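Residues per chain are reported as follows:
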Amino acid sequence: MSLMNWDAESYAVGVKFADEDHEKLFNLLNQLHSLVLDHANRDLISQHLDLMLEFLYAHFAYEESLMLDKNCAIDLYTAHKLEHAALIESCSNIQIQFNTSQLELSEEMFQMLKKWLERHIIMFDKDYAEFLM
Ligand SMILES: [Fe+2]
Ligand SMILES: [Fe+2]
């Protein structure tokens, strides 16, 4: 069974680019999770981790730039950017440690990422919809 299951009723924010990106993020995370469960080659896992995080960081940057362009409430923008920054810091640490063989990608980490994404989409991304639609 997949780590994350996209369903519009639970996760759609109603903004096209965001819903498409979020669904793609779920898929990228599922693929990474499967590679780890299948004990894939470390280089392959590393490449996929880099690809997923590159996509995640670009998504965060685009959300933030649109929130500014569409004059989203500044308190929403600031809190949202802080949330993104905290996850970027955690993921960057994981990425560096994995890529230098100091750490393995554990089930606990996947569960943390899954919970973070679900909570963030529901509690933060849904709040920008009224400004971005
Ligand atoms: Fe998002
Ligand atoms: Fe976000």
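This text follows the structure it describes.
About the cut-offs
- Residues numbered from 1 in each chain as written.
- Chains lettered and ligands numbered in written order.
- Predicted model: local features only at pLDDT ≥ 70, side-chain atom pairs only at ≥ 80, totals over all residues.
- Heavy atoms only, no water.
- Helix = DSSP H or I, 4+ residues; strand = E, 2+ residues; numbered from the N terminus.
- Rg over C-alpha atoms; globule rule 2.2 N^0.38 Å.
- Buried < 20%, exposed > 50% of the residue type's maximum accessible area, 1.4 Å probe, protein only.
- Contact = heavy atoms within 4.5 Å.
- Areas by Shrake-Rupley, 256 points an atom, 1.4 Å probe, with all protein chains shown as cover.
- Lys, Arg positive; Asp, Glu negative; His and termini not counted.
- Charge placed at Lys NZ, Arg CZ, Asp CG, Glu CD.
- Polar contact = N/O pair within 3.5 Å; in protein donor to acceptor, adjacent residues only side chain to side chain.
- Donors = N, O, S within 2.8 Å, 3.2 Å for Na, K, Ca; no water.
- Core = buried A, V, L, I, M, F, W, Y, C linked by side-chain atoms within 4.5 Å.
- Tetrahedral: all angles 85-135°; square planar, octahedral: opposite > 155°, others 65-115°.

A. Structural context of the overall build of the protein. On a plain count of helices and strands, the protein comes out with 5 helices and 0 strands. For the protein, the sequential pattern of α-helices and β-strands runs α-α-α-α-α. Computed over its C-alpha atoms, the radius of gyration of the protein comes to 15 Å, within 12% of the 14 Å expected for a compact globule of 133 residues. When the backbone C-alpha atoms are referred to their principal axes, the protein occupies close to 45 × 30 × 20 Å. Per-residue burial over the protein gives 44% buried out of 133 residues. Nonlocal contacts in the protein, meaning residues at least 24 apart in sequence, comprise 74% of its contacts between residues at least 6 apart. Looking at the protein as shown, the accessible area adds up to about 7,500 Å², and 55% of this sits on carbon and sulfur atoms. Positive and negative charge centroids in the protein, built from 9 and 23 side chains respectively, lie 1 Å apart.

B. Just the side chain of H59, in detail. Among the structural elements, H59 can be located in helix α3 (residues 42-69). There is a polar contact of 3.0 Å between the side chain of H59 and the side chain of H22. Once residues within four sequence positions are removed from consideration, H59 is found in contact with F17, A18, D21, H22, L25 and D125.

C. Inspection of the coordination of the iron ion (ligand 2) at higher detail. Taken together, the protein ligands of the iron ion (ligand 2) are E63 (OE), H80 (NE2), H84 (NE2), H120 (NE2) and D125 (OD), with distances of 2.1 to 2.3 Å. On the primary sequence, the residues serving as donors to the iron ion (ligand 2) are separated as E-x16-H-x3-H-x35-H-x4-D. Taken as an interatomic distance, the gap from the iron ion (ligand 2) to the iron ion (ligand 1) is 3.5 Å; E63 donates to each of them. Taken as a pair, E63 in helix α3 and D125 in helix α5 (residues 107-132) lie far apart in primary sequence, 62 residues in all. Residue E63 shares its accessibility class with D125, and that shared class is buried.

D. Examining the nonpolar core more closely. Counting 40 residues, the largest nonpolar core has V15, L29, L105 and Y128 as its most contacted members. Mapped onto this core, the elements with two or more residues apiece are α2 (16-37), α3, α4 (74-99) and α5. Those residues in contact with L29, other than ones at most four positions away along the chain, are L3, M4, M52, F110, L113, K114 and L117.

E. Region of the structure containing the coordination of the iron ion (ligand 1). All of the protein donors around the iron ion (ligand 1) are H22 (NE2), H59 (NE2), E63 (OE) and D125 (OD); their distances to the metal are 2.0 to 2.2 Å. One can describe the site at the iron ion (ligand 1) as irregular: its 4 donor atoms subtend angles covering 81 to 168° at the metal. Sequence spacing among the residues donating to the iron ion (ligand 1) works out to H-x36-H-x3-E-x61-D. On the basis of relative accessible area, H59 is assigned to the buried category, the value being 3%. Residue E63 is classed as buried on the basis of its relative accessible area of 0%.

Keep in mind these values describe shape, not function.
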